[in-house]
Amino acid sequence: VALSEDGKFVARGSEDGTARVMETGTGRVIALVPTGSPVKSVVFTATNDLVVASNDKTIRTVNILKRPAFEALHVYGTIAISPRGRYLTTFSPTTTSELAIVDRVTGEKPLRQQLPRDLVTTGVMRYSTDEEYLVVTGVAHGMTAYELKTGKTQHKPAPPGLTAQTISGDGR
């Protein structure tokens, strides 16, 4: 479920392979986006475009106000979308276990990082609401913050005896 930044629209993805967009004030459905595969995630961009990630490993960007224009990107291993839909987090579980951030607008990868597979599968990842940072944390690995614009990394090891770790809602 996603709420647009201006609060006018709400979207939800479904196992039936569709994403629905409704007006929050009336509940009226204004867009039905077919994906052909169960929807994993939906998020609105700052301009009210809807970004939809589906099980077929496709990311779709739909301009819900000026349909039918939409864009489909085939990005393997997408596991997350940033709050405003600018960045996609991808993970390649090969022997190198690479986490990458893909800028959906430019197609560039501002971050490519080797990570232990268990950190991605059991840890927690969250973008800051301003999309400037990605924070990754796991009990055995500590916390690492990645600054997306500069590529700078800040790491704090896990303190001894730590049993759980989480990230604040704003990712900072």
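Above this text sits the structure in question.
This structure is a prediction, so every number in the text was calculated from the model and none was measured.

Moving on, we come to the overall build of the protein. Counting secondary structure elements, the protein contains one helix and 16 strands. In the protein, buried positions account for 42% of the 172 residues. Long-range pairs, those at least 24 residues apart, make up 32% of the contacts in the protein with a sequence separation of at least 6. In the structure as shown, the protein presents an accessible area of about 9,300 Å², 51% of it carried by carbon and sulfur atoms.

This next bit is on the sheet that holds strand β4 (residues 29–34). Taken in spatial order, the four strands of this open sheet run β1-β2-β3-β4, and their pairing is antiparallel. Of all the strands in the sheet, just β1 (2–3) and β4 have a single pairing partner and so form its edges. Relative to β4, strand β3 (residues 18–23) runs antiparallel, the two being bridged by five bridges. For Met22, the partnering residue across the bridge sits in β4 and is Val29.

Pairing is antiparallel across the open sheet formed by four strands, whose spatial order is β13-β14-β15-β16. Two strands in the sheet have a free side with no partner beyond their single neighbour: β13 (124–127) and β16 (153–156). Across this sheet, the average inter-strand angle for adjacent strands is 15°, counted without regard to direction. Across six bridges, the pairing between strand β14 (residues 133–138) and strand β15 (residues 142–147) is antiparallel. If you follow Gly138 over to β15, its bridge partner there is Gly142.

Further remarks concern unusual backbone geometry. At Lys57, a residue that is not glycine, the phi angle is positive and equals roughly 65°. Among the structural elements, Lys57 can be located in the loop between β6 (49–54) and β7 (58–63). Phi at Glu131 takes a positive value of approximately 60°, unusual for a residue other than glycine. Residue classification places Glu131 among the buried residues on the basis of a relative accessible area of 8%.

To continue, consider the pattern of salt bridges. Pairing between side chains of opposite charge can happen when the charged atoms of each approach one another. Applying the stated rule across the entire model yields four salt bridges. Measuring nitrogen to oxygen at the nearest pair gives 3.4 Å for the salt bridge that ties Asp56 to Arg60. Here Arg60 falls in the buried class, since its relative accessible area comes to 11%. With a shortest N-O distance of 2.7 Å, Asp103 and Arg86 are connected by a salt bridge. With a gap of 17 residues between them, Asp103 in strand β11 (residues 98–103) and Arg86 in the loop between β9 (78–81) and β10 (87–92) connect regions that are remote in the sequence. Overall, the relative accessible area of 30% leaves Arg86 in the partly exposed class.

Reading the values: rules and limits
Residues numbered from 1 in each chain as written. Predicted model: local features only at pLDDT ≥ 70, side-chain atom pairs only at ≥ 80, totals over all residues. Heavy atoms only, no water. Helix = DSSP H or I, 4+ residues; strand = E, 2+ residues; numbered from the N terminus. Buried < 20%, exposed > 50% of the residue type's maximum accessible area, 1.4 Å probe, protein only. Contact = heavy atoms within 4.5 Å. Areas by Shrake-Rupley, 256 points an atom, 1.4 Å probe, with all protein chains shown as cover. Pairing = 2+ DSSP bridges. Axes fitted to C-alpha atoms, helices over the stretch in contact; angles between N-to-C directions. Salt bridge = Lys/Arg side-chain N within 4 Å of Asp/Glu carboxyl O.

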